[in-house]
Amino acid sequence: MSSEASTGNASPLRKLAVASLFALANILAWHSSTGGQSSQGDIAIATGLSFFQTSEQMLTSGVGLVTTDGMWEKNPDNKFKDEDIKILGFTDKYYVPIAKWWYQRLTLLGYTEHYIVAHDQVAYDNLMKENHRVIPCIIKDPEYSQPVKGLWRLHNPYSLMMFVPSRQQIMGHRLRLTSDLLKNGTHLLITDIDNVFSRHVPLYGFLEEGYDVFHAYEMAYPRHIFDEMGFVICSGHQFLRSSPATLRYFDLIMKRCPFGRCDDQVTYNEVLYYDLGVKWDNMDTPNHTEALRIKSTDGENNNILVESVTGRSEVTNHTIKIWDRDFAWRMAGAIPEYCPSINNWVGMPTKLPEELTGVGYGKVFYKIAGFDVWDKYCRIERHKSS
């Protein structure tokens, strides 16, 4: 080991390698205890140590860019230590098993500010009984007759779907809770419970960066916005600072969600494109001719942007940062070919093929299998190759 590491003056890259290694070891132990597929802890530790012993080794990423975001260290004495910051993941009674996996993973990574938001009393009581941190956001008049898409639709379209509230109703409640907490002075990381966190990034660092709103890239939905703007943002992972400018921004969001029912993915992107008048830093648009893009035969992944961009709304005056796709990874399938670097913070995999997940029954099975696929192919294998 070099003198740099042995004297405790390790570079940020080395410190990240050690943090990433131990996070992975904890997660693999958890997989083993829950019967997960990824039980190769000895391989992960060996390859992680090999990486740590290699000075300033070139990292690789399937998206063509290795992120340098989120490199700040944990600092209990940071100037935002007294700020109220919460991580929110949302569930109803049918997706409590996924919510528990999400919650446990964040706990293993060292987070203490994560909460599960329960949309019905059954989910709330179940989670409270097992001592999870839970916030009630009960849907008292669920619209069972409406079709449900995404996470809230079961894999078998005929199984229990009639008993699940509509997606637009769920999203409306989610936006209302977000708005209320922001007005109450709480800074929020809003994230889907099937998002897979790879390492601990202290959230105060986003406050130190100074932007009001942080977004992740989506793929190409909603298509009408993607075709016009050249990119879209993901409603399922974003950090929102409680600030006057953010509240003005969220007022525009709520205006596009009338009667408490909307597709939040569409709402966020329509506000971004039609309402904000964003002036991007050092460019006319992120969708410029020299922008780094994913080239893929998959229509959902082809031509999607990769690099981080920043700007300011000329309407609300709130500042914006879109994370790069290596830091906040979102693609359809694309594993292992497009796996991010070990610097990745969060993965949002979707539409994984059954040759990776295995064959099971129901959306819950496939979403939980996605955690294991991510660790096996995008964490262990990435440690080996870095």
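Everything numeric in this text was worked out from a predicted model, so none of it was measured.

### What about the overall build of the protein chain?
Next up, step 1: Within the protein chain, the secondary structure is distributed over twelve helices and twelve strands.
Next up, step 2: Expressed as a percentage of the 386 residues in the protein chain, the buried residues total 56%.
Next up, step 3: In the protein chain, the proportion of contacts linking residues at least 24 apart, taken out of those at least 6 apart, comes to 71%.
Next up, step 4: Just so you have it, the protein chain exposes about 16,300 Å², and 51% of that area is on carbon and sulfur atoms.

### Re the sheet that holds strand 2 (residues 114-118)
Next up, step 1: As summarised here, the arrangement of the nine strands in space is 3-2-1-4-7-6-10-9-8, forming an open sheet in which the pairing is mixed. Both edges of this open sheet fall to strand 3 (134-136) and strand 8 (278-280), since each of them pairs with a single strand only. Neighbour-to-neighbour, the strand axes of the sheet open up by a mean angle of 30°, direction not taken into account.
Next up, step 2: Sheet topology note: the strand 1 (residues 85-91)/strand 2 ladder contains five bridges and is parallel. Bridging from a neighbouring strand, Ile 87 pairs with His 114 of strand 2.

### Things to note about the side chain of Glu 270
Next up, step 1: Here Glu 270 shows up in helix 10 (residues 264-275).
Next up, step 2: In terms of polar contacts, Glu 270 uses its side chain to reach the side chain of Arg 256, at 3.3 Å.
Next up, step 3: Ignoring anything within four residues of it in the chain, the contact list for Glu 270 reads His 224, Ile 225, Arg 256 and Asp 275.

### Some remarks on the packing of aromatic side chains
Next up, step 1: All chains considered together, the criterion is met by 21 aromatic pairs.
Next up, step 2: Centre to centre, the rings of Tyr 111 and Phe 197 are 6.1 Å apart; their planes meet at 65°, and the pair counts as edge-to-face. Of the two residues, Tyr 111 is situated in the loop between helix 4 (96-108) and strand 2 and Phe 197 in strand 5 (residues 196-197); the sequence distance between them amounts to 86 residues.
Next up, step 3: On the accessibility criterion, Phe 197 (1% relative accessible area) is buried.
Next up, step 4: A ring pair is formed by Phe 231 and Trp 280, whose centres lie 6.0 Å apart and whose planes are at 75°; its orientation type is edge-to-face. With Phe 231 in the loop between helix 8 (223-229) and strand 7 (233-240) and Trp 280 in strand 8, this pair connects stretches of sequence that are 49 residues apart.
Next up, step 5: Taking the ring centre of Tyr 115 as reference, the NZ or CZ of Arg 133 above it sits at 5.8 Å.

### Observations concerning the confidence of the model for the protein chain
Next up, step 1: Taken over all residues, the pLDDT of the protein chain has a mean of 85, while the share at 70 or more is 78%.
Next up, step 2: Across residues 37-57, where pLDDT falls below 50, the model places 44 contacts with residues more than four positions away in sequence or in other chains.

### Observations concerning unusual backbone geometry
Next up, step 1: Backbone torsion omega between Tyr 221 and Pro 222 reads 5°, so that peptide bond is classified as cis.
Next up, step 2: Here Pro 222 is to be found in the loop between strand 6 (213-217) and helix 8.
Next up, step 3: Cis geometry is found at the peptide bond from Ile 335 to Pro 336, where omega equals 10°.
Next up, step 4: Its identity as a non-glycine residue notwithstanding, Asn 317 has a phi of 70°, on the positive side.
Next up, step 5: Residue position: Asn 317 is located in the loop between strand 9 (309-313) and strand 10 (319-322).
Next up, step 6: Even without being a glycine, Lys 351 presents a positive backbone phi close to 55°.
Next up, step 7: Here Lys 351 lies in the loop between strand 12 (346-350) and helix 11 (354-357).
Next up, step 8: Classification of Lys 351 as exposed rests on a relative accessible area of 57%.

### Observations concerning the pairing of strand 10
Next up, step 1: Side-chain alternation along strand 10 places Thr 319 and Lys 321 on one buried face and Ile 320 and Ile 322 on a second face that is also buried.
Next up, step 2: Bridge count for strand 9 against strand 10 is four bridges, and the pairing is antiparallel. Its bridge partner being in strand 10, Thr 310 is matched across the sheet by Lys 321.
Next up, step 3: Counting the residues that bridge the hairpin from strand 9 to strand 10 gives five residues, and of these Asn 317 lies at a positive phi of roughly 70°.

### Details of helix 9 (residues 244-255)
Next up, step 1: Spanning twelve residues, helix 9 covers 17 Å between terminal C-alpha atoms, matching the ideal 16 Å at 1.5 Å per step.
Next up, step 2: Where helix 9 is concerned, the buried positions are Ala 245, Thr 246, Tyr 249, Phe 250, Leu 252, Ile 253 and Met 254.
Next up, step 3: Where helix 9 is buried, its residues meet helix 6 (167-183), strand 6, strand 7 and helix 10.

### With respect to the pattern of salt bridges
Next up, step 1: Summed over the entire model, instances satisfying the criterion amount to 14 salt bridges.
Next up, step 2: Notably, a salt bridge pairs Glu 218 with Arg 330, separated by 3.2 Å at the nearest N-O pair. Remark: Arg 330 occurs in strand 11 (residues 328-332) and Glu 218 occurs in the loop between strand 6 and helix 8; sequence separation between them is 112 residues. Neither Glu 218 nor Arg 330 differs from the other in exposure class; each is buried.
Next up, step 3: The partner of Lys 351 in a salt bridge is Glu 300, and the shortest N-O contact between them spans 2.7 Å.

Rules of the game
Within each chain, residues carry numbers counting from 1 in the order of the written sequence. Where local features are concerned, this predicted model is filtered to residues with pLDDT of at least 70; where side-chain atom pairs are given and counted, the filter is 80 or more; whole-chain, interface and lining totals use all residues. Think of the side-chain values as coming from all heavy atoms in the structure, minus any hydrogens and water. A run of H or I in DSSP counts as a helix once it spans at least four residues, and a run of E counts as a strand once it spans at least two, with each numbered from the N terminus. Three labels apply to residues, based on accessible area from a 1.4 Å probe with only protein chains included: buried if under 20% of the type maximum, exposed if over 50%, partly exposed otherwise in between. Whether two residues are in contact is decided by their heavy atoms: any pair within 4.5 Å suffices. Only the protein chains shown count as cover for residues, and the accessible areas themselves come from Shrake-Rupley with a 1.4 Å probe. Following DSSP output, two strands are said to pair if at least two bridges run between them. Axes here mean lines fitted to C-alpha atoms, for a helix over just the part in contact, with angles spanning 0 to 180 degrees between N-to-C directions. Here a polar contact means two N or O atoms within 3.5 Å. Within protein one must be a hydrogen donor candidate and the other an acceptor candidate, and residues neighboring in sequence count only if both atoms are side-chain atoms. In this analysis, rings of Phe, Tyr and Trp, with Trp reduced to its six-membered ring, are considered paired at centre separations within 6.5 Å, and the interplanar angle assigns stacked below 30 degrees, edge-to-face beyond 60, and tilted for intermediate values. Criterion for a charge above a ring: Arg CZ or Lys NZ at most 6 Å from the ring centre, at most 35 degrees from the ring normal. Each residue carries a pLDDT value, the predictor's own confidence for that position, ranging from 0 to 100. An expected span of 1.5 Å times one less than the residue number is assigned to each helix. Definition used for salt bridges: Asp or Glu carboxyl oxygen within 4 Å of a side-chain nitrogen of Lys or Arg.

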